[in-house]
Amino acid sequence: MFNLKQLFVITFLLIGSQMGFSQLGFSHEIGAIVGPVQFRSDYGQSQNEQTNFGNTGIGIGIVHYINFAYRADCNCYSTDTYFNDHFKLRSEISWNKTKLDHHGEWVSADKTSANADKLRAHTGEAQNFDIGMQIEYFPLSIRSFQAFSYRFAPFVSLGVHYTAYNPKSESTYGNVLNENNIYSYWYADETYLPAVPLGEQREYPINLDSGSTWSVVASVGVRYKLTALSDLMLDLRWQYFGNDWIDGFNHQLDSNKNNDWLLWLNFGYIYYLD
């Protein structure tokens, strides 16, 4: 279903880098995350609250951290440097799924055309498998946080993920790969579409092939010190994908200016292994 060869290569490199850090004696943390995902795609009216909240799904994941502030091989603190005391390396495997629908002005009750009916009849699904790495920066001392000097430790992070996507789409009008069953302004109506050079064919707006791409991930969050060996985490993620086919849908109207992206508010439990 996904590009397994590339996925195995990325996984191997990720595990290899983690094992490399492990050989240096740094300690480890492992955890689980879950929470709602807002998938911002070409479905629905752009910058519309009903679209944003209506196209909300779920994400789950497993996370692993390299903690540079503590050494597992000697059960002691590492060298007291700014990097060791303020940064952690996070690797992650996660999955998210969102049912997608058209919301907003063009499907409101006062729209009674055949085109509006086709828009209301069209639904989709974005399903993604992610693996990647982020560097997390803690403004406050990680050592002090582990010693209960304070209960809350805010952080920001930045990283790159490899995303394998498997979109779905359907319509009560029939096969969505038949242009007669979809909203005409996406494909056939020249009034609403940018000009196509003579001799070129306009790209069909729906493609349900599985694929893969890179994505940029940034987040802001906070940890709460629950016990000496465990934390709770709240993390708000922004993830921007390397193409616009993650949801299997890429129309050419002026409102479609960006690649697909998402917001994920995840809640996590982190356990210190060493």
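No experiment lies behind these values; they were computed from the predicted model shown. (Residues numbered from 1 in each chain as written. Predicted model: local features only at pLDDT ≥ 70, side-chain atom pairs only at ≥ 80, totals over all residues. Heavy atoms only, no water.)

## As for the overall build of the protein
And then number 1: If you tally the helices and strands in the protein, you get 5 helices and 10 strands.
And then number 2: A total of 274 residues make up the protein; the buried ones form 48% of that total.
And then number 3: By sequence separation, contacts in the protein at least 24 residues apart represent 77% of the contacts at least 6 residues apart.
And then number 4: When the accessible surface of the protein is totalled, it reaches about 13,400 Å², and 60% of it is carbon and sulfur. (Helix = DSSP H or I, 4+ residues; strand = E, 2+ residues; numbered from the N terminus. Buried < 20%, exposed > 50% of the residue type's maximum accessible area, 1.4 Å probe, protein only. Contact = heavy atoms within 4.5 Å. Areas by Shrake-Rupley, 256 points an atom, 1.4 Å probe, with all protein chains shown as cover.)

## What about a nonpolar patch on the surface?
And then number 1: A surface patch of nonpolar side chains, amounting to about 690 Å² of accessible area, comprises Ile-30, Ile-62, Leu-226, Leu-229, Leu-232, Tyr-269, Tyr-271 and Leu-273.
And then number 2: Within the secondary structure layout, Leu-273 lies in the segment after strand E10 (261-272). (Patch = residues over 30% accessible without salt bridge, like charges linked within 9 Å, V, L, I, M, F, W, Y side chains within 5 Å. Salt bridge = Lys/Arg side-chain N within 4 Å of Asp/Glu carboxyl O.)

## Focus on the packing of aromatic side chains
And then number 1: In total, this model carries 14 aromatic pairs according to the counting rule given.
And then number 2: Each residue in the set Tyr-43, Tyr-183, Tyr-185, Trp-186 and Phe-249 is aromatic and connected to the rest through ring pairs, giving one cluster.
And then number 3: Its guanidinium or amino end placed over the ring of Phe-138, Lys-88 lies 5.3 Å from that ring's centre, counting from NZ or CZ.
And then number 4: A cation sits over an aromatic face here: Arg-223 above Tyr-65, 4.5 Å from the ring centre. (Phe/Tyr/Trp six-rings, centres within 6.5 Å; stacked < 30°, edge-to-face > 60°. Lys NZ or Arg CZ within 6 Å of the ring centre and 35° of its normal.)

## Considering the side chain of Lys-225
And then number 1: Position of Lys-225 relative to the elements: it lies in strand E8 (residues 211-227).
And then number 2: In terms of polar contacts, Lys-225 uses its side chain to reach the side chain of Asp-231, at 2.8 Å.
And then number 3: Filtering out sequence-adjacent residues up to four positions away, Lys-225 remains in contact with Phe-145, Gln-146, Phe-148, Arg-151, Ser-230, Asp-231 and Tyr-272. (Polar contact = N/O pair within 3.5 Å; in protein donor to acceptor, adjacent residues only side chain to side chain.)

## Quick word on the pairing of strand E1 (residues 26-40)
And then number 1: Counting buried positions over the 15 residues of E1 gives 11, a clear majority of the element.
And then number 2: By the bridge criterion, 10 bridges tie E1 to E10 in an arrangement that is antiparallel. Across the sheet, the residue bridging to Gly-31 is Ile-270, located in E10. (Pairing = 2+ DSSP bridges.)

## Quick look at the environment of Met-133
And then number 1: Relative to the elements of secondary structure, Met-133 occurs in strand E5 (residues 122-137).
And then number 2: Between the C-alpha atom of Met-133 and that of Val-160, which follows or precedes it by 27 residues, the distance is 6.0 Å.

## Section: the pattern of salt bridges
And then number 1: Applying the stated criterion to the full structure yields 12 salt bridges.
And then number 2: Residue Lys-168 pairs with Glu-125 through a salt bridge whose shortest N-O separation is 3.9 Å. One end of the pair, Lys-168, is in strand E7 (residues 168-171); the other, Glu-125, is in strand E5, with 43 residues separating them in the sequence.
And then number 3: With relative accessibility at 44%, the residue Lys-168 sits in the partly exposed group.
And then number 4: With relative accessibility at 4%, the residue Glu-125 sits in the buried group.
And then number 5: A salt bridge links Arg-223 to Asp-231, with the nearest nitrogen and oxygen atoms 2.9 Å apart. The same class applies to Arg-223 as to Asp-231, namely buried.
And then number 6: Sharing partners across several salt bridges, the network here consists of Glu-29, Lys-88, Arg-223, Lys-225 and Asp-231.

## Remarks on helix H4 (residues 114-121)
And then number 1: Along H4, the residues that are buried comprise Asn-115, Ala-116, Lys-118, Leu-119 and Ala-121.
And then number 2: The secondary structure elements touched by the buried residues of H4 are E5 and E7.

## Observations concerning the environment of Asp-260
And then number 1: Its location among the elements puts Asp-260 in the loop between strand E9 (230-241) and E10.
And then number 2: Residues Asp-260 and Asn-243, spaced 17 residues apart in sequence, show a C-alpha to C-alpha distance of 6.9 Å.
And then number 3: Look past the residues within four positions of Asp-260 in its chain and what remains in contact with it is Phe-39, Arg-40, Ser-41, Asp-42, Tyr-240, Phe-241, Asn-243, Asp-244, Trp-245, Ile-246 and Asp-247.

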